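Spelled out from the first residue to the last, the chains are:
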Amino acid sequence: MATFLNYSPNQSISLSDRSIAYGDGLFETILVSSKRLHNIDDHLNRLMRGCFKLSLQFNYEDQQKLVTFLNALALTYDTPHVFKVIVTRGEGGRGYLPNHDILPNVIVSTSTAPDFSKIRSKGVSLGVSSVPSTMNRYLAGMKHLNRLENVMAKNALSECCFEDVMLDDNNYLVECIQSNVFWFKDGVLKTPILDKGGVQGTMRSQVINRQMMYPVEVGRYRVKELESAEEIFITNSLMGVVPVTNFIGQSFPIGMNTRKIKALLNY
């Protein structure tokens, strides 16, 4: 594992960095294989949307510097890796209000990519989490550093399930602990709206924007919608498209529609 702080090798960061006290920052998890960055445009677009919303001093020139570094770093790896990019607001004093002149810190870490080929082929079991997804319209969609609810949900995950669906306070579907969820019903591809919570995953964007085979419906759904689905799959940037073969004890096939989506997105 290699770690970099502001593009220089480093394994430490100042204790006054606001990411430690307040989770004041954003992150991206990028798959690297065949010496290239996967879905980099979607990752950058989400990162920049988050920087704008949080008023982080990270502009287009900073983005280009990051991309240049990541592309050069990708050329040094012959095997699939994961690049985790964290952009913090930087080092500020005590209190919620940050200094306006502080500069962000950029942290990049690398690790060997997990092998998800088996679950992409065989499918996974999905449950429903007892931990609710936080509802905050202002933070919805961003991949910010405040992920404590996901940590709690992961700790509560049953051994028989690969993932759990998380619900909001009104018991509407939001997302899974570390992935987005889709399903087919009557030829329509459905997924929850993320206007009050959840992360707008890069693979979620790929599925919605790149495939033109099926009408897509984004809305508010309850658990019963998944129970009545014909096919279910989950997505994230590392594992791609993974079929769900069991949802709270009910079996589901790896259907033709899911296979077509996987093939289209090269997963």
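These lines cover the structure that appears in this document, whether it is placed above or below. (Residues numbered from 1 in each chain as written. Predicted model: local features only at pLDDT ≥ 70, side-chain atom pairs only at ≥ 80, totals over all residues. Heavy atoms only, no water.)

Quick look at the overall build of the chain now. Each helix and strand counted, the chain has eight helices and 15 strands in total. On C-alpha atoms alone, the chain measures out to a radius of gyration of 19 Å, which is about the 18 Å that the 2.2 N^0.38 rule sets for 267 residues. Projected onto its principal axes, the C-alpha coordinates of the chain cover approximately 55 × 45 × 35 Å. Within the chain, contacts between residues at least 6 apart in sequence are counted, and of these 70% link residues at least 24 apart. For the chain, the accessible surface area stands at approximately 13100 Å², while carbon and sulfur atoms represent 52% of it. For the chain, the distance from the average position of its 28 positive side-chain charges to the average position of its 25 negative side-chain charges is 3 Å. (Helix = DSSP H or I, 4+ residues; strand = E, 2+ residues; numbered from the N terminus. Rg over C-alpha atoms; globule rule 2.2 N^0.38 Å. Contact = heavy atoms within 4.5 Å. Areas by Shrake-Rupley, 256 points an atom, 1.4 Å probe, with all protein chains shown as cover. Lys, Arg positive; Asp, Glu negative; His and termini not counted. Charge placed at Lys NZ, Arg CZ, Asp CG, Glu CD.)

This part covers the environment of Arg210. Among the secondary structure elements, Arg210 is positioned in helix α6 (residues 202–210). When its relative accessible area of 44% is taken as the criterion, Arg210 is described as partly exposed. Remark: the alpha-carbon pair of Arg210 and Gly127, spanning 83 residues in sequence, is separated by 28 Å. In this view, Arg210 contacts Ser205, Leu264 and Leu265; residues no more than four positions away in its chain are not counted. (Buried < 20%, exposed > 50% of the residue type's maximum accessible area, 1.4 Å probe, protein only.)

Another point: the side chain of Thr110. Inspection of the secondary structure puts Thr110 in strand β6 (residues 105–112). One polar contact links Thr110 to Tyr77, side chain to side chain, over a distance of 2.9 Å. (Polar contact = N/O pair within 3.5 Å; in protein donor to acceptor, adjacent residues only side chain to side chain.)

Moving on, we come to the state of the cysteines. Per the stated rule, a full pass over the model turns up zero disulfides. Cysteine Cys160 is unpaired, with the sulfur of Cys161 as its nearest cysteine sulfur at 3.9 Å. Of all cysteine sulfurs in the structure, the one in Cys161 sits closest to Cys176, which takes part in no disulfide; the separation is 10 Å. (Disulfide = S-S within 2.5 Å.)

This brings us to empty space enclosed by the protein. Applying the stated criterion across every chain, the model contains one cavity of 30 Å³ or more. Counted as a void, the largest cavity has a volume near 80 Å³. Around the largest cavity sit Asp168, Tyr172, Leu173, Val174, Ile193, Leu194, Asp195, Lys196, Gly197, Gly219 and Arg220, which together line it. For the lining of the largest cavity, the residue count by class is five nonpolar, two polar and four charged. (1 Å grid on protein atoms, 1.4 Å probe; cavity = no way out; pocket = protein on both sides within 12 Å on 5 of 7 lines; lining within 4 Å. Points joined across faces, edges and corners; volume = space filled by probe spheres on them. Nonpolar A, V, L, I, M, F, W, Y, C, P; charged D, E, K, R; others polar.)

So, on to the sheet that holds strand β2 (residues 8–9). One open sheet accounts for six strands, arranged β2-β1-β6-β5-β3-β4; its pairing is antiparallel. Each edge of the open sheet is held by one strand with a lone partner, namely β2 and β4 (36–37). Here two bridges tie strand β3 (residues 25–33) to β4, and the two strands are oriented antiparallel to one another. Within β4, the residue paired with Val32 across the bridge is Leu37. Lying on the sheet, helix α2 (residues 40–54) is in contact with β3, β4 and β5 (81–88); it crosses β3 at an angle near 175 degrees. Its contacts with the sheet put helix α3 (residues 60–74) on β1 (2–5), β3, β4, β5 and β6, and the angle it makes with β6 is roughly 20 degrees. (Pairing = 2+ DSSP bridges. Axes fitted to C-alpha atoms, helices over the stretch in contact; angles between N-to-C directions.)

Another aspect to go through is a nonpolar patch on the surface. A contiguous nonpolar patch, built from Leu148, Val151 and Met152 and spanning about 300 Å² of accessible area, is present on the exposed surface. Checked against the element boundaries, Val151 lands in helix α5 (residues 148–156). (Patch = residues over 30% accessible without salt bridge, like charges linked within 9 Å, V, L, I, M, F, W, Y side chains within 5 Å. Salt bridge = Lys/Arg side-chain N within 4 Å of Asp/Glu carboxyl O.)

On to the pattern of salt bridges. Under the counting rule described, the total for this entry stands at seven salt bridges. A salt bridge links Asp78 to Lys35; the nearest nitrogen and oxygen atoms lie 2.7 Å apart. Placement of Asp78 in the loop between α3 and β5 and of Lys35 in the loop between β3 and β4 is noted, with a sequence separation of 43 residues between them. Taking relative accessible area as the criterion, Asp78 reaches 68% and is therefore assigned exposed. A relative accessible area of 32% places Lys35 in the partly exposed class. The salt bridge involving Asp195 is made with Arg220; its shortest N-O contact spans 2.7 Å. Separated by 25 residues along the polypeptide, Asp195 in the loop between β11 (188–192) and α6 and Arg220 in the loop between β12 (216–219) and α7 (223–227) bring together distant segments of the chain. What you see here is one network of salt bridges that share partners, running through Arg18, Asp24 and Arg89.

In this section: the packing of aromatic side chains. Under the criterion given, the structure shown has eight aromatic pairs. Where Tyr77 meets Phe83, the ring centres are 5.8 Å apart and the plane angle is 65 degrees; that geometry is what we call edge-to-face. Here the two residues Tyr77 and Phe83 agree in accessibility, since each one is buried. Taking 6.2 Å as the distance between ring centres and 45 degrees as the angle between the ring planes, the aromatic pair formed by Phe184 and Phe233 counts as tilted. Remark: Phe233 occurs in strand β13 (residues 231–236) and Phe184 occurs in strand β10 (residues 180–185); sequence separation between them is 49 residues. (Phe/Tyr/Trp six-rings, centres within 6.5 Å; stacked < 30°, edge-to-face > 60°.)

That is the geometry; function is a separate question.
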